[in-house]
Amino acid sequence: MKTETLEPKTDKSEVNPSKVVSEAEWLVARRDLLTREKELTRLRDEVSRHRRELPWVKVDKEYVFDGPNGKETLADLFDGRSQLIVYHFMLGPGWDEGCKSCSYLADHFDGANWHLPHRDVTFVVVSRAPLSEIERFRKRMAWRFKWVSSHGSDFNFDYYVSATKDEQTKGKMYYNYSTQEVISDELPGLSVFYKDENGDVFHTYSTYARGLDILVGAYNFLDLAPKGRNENPDATMDWVRRHDEY
């Protein structure tokens, strides 16, 4: 895949405040918003509880990955812990570089990964490109997280982040729990697995598309600012660049 580096577009327009008020009036409005923020926090906690209560599916197929330590199975990737989070990074065989939007998300991984192992969670990134192509791009981006290749296995296809040849021919693929138009042979996602004391592995959760927003700390900062994310509604991430291209 050949990519083109463009200058990021920045909206230089001024924010037009809807109303300038006294501090006392502002405080009334702020307290009203606080009530809504607390409602959202409670709802997020409830959704997280329902996520943890999802039933599991046992993983019977053996997947083998190529990583910095050689060949590893899905069970090996847990690295002695019981919980595994896999980010499906869009980097296909022969691509010149990884997806810029996935790269935007990946810039947030290393900070979190200092802490995840201390809560019994291992975090790994998986792409379908061969390991040599992954390593070249990872070194360019100076990321530290573990990144392995699923090249030659069914892993990406089974977790619905890569279009099969048949899907590409038909122009339709199963993604985000529905049949959609094929917009790329690789798409982003995240999958979660659990390994019990017997060594059995279970698929507990997967999310795609806007479900990945939760991984992007930069969005949380932007949502606090007067202009918000200030994105093009028809292509919300067209402003994003790999961090060495701004």
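See the structure above.
All of these numbers come straight from a predicted model, not from anything done at the bench.

K.L.:
Please set out a nonpolar patch on the surface residue by residue, giving values where relevant.
P.N.:
On the surface, Val21, Trp26 and Leu27 cluster together into a nonpolar patch covering about 260 Å² of accessible area. Within the secondary structure, Trp26 sits in helix 1 (residues 23–52).

K.L.:
How would you explain the nonpolar core if you had to name every residue and give the values?
P.N.:
Core analysis: the largest hydrophobic core is formed by 27 residues, its most contacted members being Tyr87, Phe89, Phe109, Val125, Trp143 and Trp147. Those elements that provide at least two residues to this core are helix 2 (100–106), strand 5 (121–127), helix 4 (131–141) and strand 9 (189–195). Beyond its immediate chain neighbours, meaning those up to four positions away, Trp147 contacts Pro68, Phe89, Leu91, Val125, Val126, Ser127, Leu131, Ile134, Phe137 and Arg138.

K.L.:
Lay out the pairing of strand 2 (residues 64–67) in plain terms, naming residues and giving numbers.
P.N.:
Here strand 2 shows one buried face, formed by Phe65 and Gly67, and one open face, formed by Val64 and Asp66. As defined by bridge partners, strand 2 adjoins strand 3 (residues 70–73) across 4 bridges and the pair is classed as antiparallel. Across the sheet, Val64 pairs through a bridge with Thr73, a residue of strand 3. Hairpin remark: strand 2 followed by strand 3, antiparallel, with 2 residues in the connecting loop.

K.L.:
Give a description of helix 4 that names residues and reports values.
P.N.:
When helix 4 is considered as a whole, its buried residues turn out to be Leu131, Glu133, Ile134, Glu135, Phe137, Arg138 and Met141. Looking at the residues trailing helix 4, positive phi occurs at Ala142, about 60 degrees.

K.L.:
Lay out the pairing of strand 5 with the relevant residues and their values.
P.N.:
For strand 5, the buried fraction is high: 7 of the 7 residues fall into the buried class. Side chains of strand 5 alternate between two faces, with Val121, Phe123, Val125 and Ser127 and Thr122, Val124 and Val126 buried alike. Note that strand 4 (residues 83–88) and strand 5 share 6 bridges and pair parallel. Across the sheet, Val86 pairs through a bridge with Val124, a residue of strand 5.

K.L.:
Quick one: what's the story with the pattern of salt bridges, residue by residue and with numbers?
P.N.:
Side-chain pairs of opposite charge can arise where the charged atoms are in close proximity. Evaluation of the coordinates by the stated rule reveals 20 salt bridges. Note that Lys170 and Asp166 form a salt bridge whose closest N and O atoms lie 3.2 Å from each other. With Lys170 and Asp166 both in helix 6 (residues 165–170), this residue pair falls 4 residues apart, about one helical turn.

K.L.:
Explain the packing of aromatic side chains to me, and be specific about the residues and the numbers.
P.N.:
With the rule as written, the count across this model stands at 25 aromatic pairs. Seen in terms of ring centroids, Phe65 and Phe155 are 5.0 Å apart; in terms of plane orientation they differ by 80 degrees. Their pairing is edge-to-face. Of this pair, Phe65 sits in strand 2 while Phe155 sits in helix 5 (residues 155–158), placing them 90 residues apart in sequence. One exposure class covers both Phe65 and Phe155, and it is buried. Judged by centre distance (6.4 Å) and plane angle (75 degrees), the rings of Phe137 and Trp147 are edge-to-face. One end of the pair, Phe137, is in helix 4; the other, Trp147, is in strand 6 (residues 147–149), with 10 residues separating them in the sequence.

Cut-off values and rules
Residues numbered from 1 in each chain as written. Predicted model: local features only at pLDDT ≥ 70, side-chain atom pairs only at ≥ 80, totals over all residues. Heavy atoms only, no water. Patch = residues over 30% accessible without salt bridge, like charges linked within 9 Å, V, L, I, M, F, W, Y side chains within 5 Å. Areas by Shrake-Rupley, 256 points an atom, 1.4 Å probe, with all protein chains shown as cover. Salt bridge = Lys/Arg side-chain N within 4 Å of Asp/Glu carboxyl O. Helix = DSSP H or I, 4+ residues; strand = E, 2+ residues; numbered from the N terminus. Core = buried A, V, L, I, M, F, W, Y, C linked by side-chain atoms within 4.5 Å. Buried < 20%, exposed > 50% of the residue type's maximum accessible area, 1.4 Å probe, protein only. Contact = heavy atoms within 4.5 Å. Pairing = 2+ DSSP bridges. Phe/Tyr/Trp six-rings, centres within 6.5 Å; stacked < 30°, edge-to-face > 60°.

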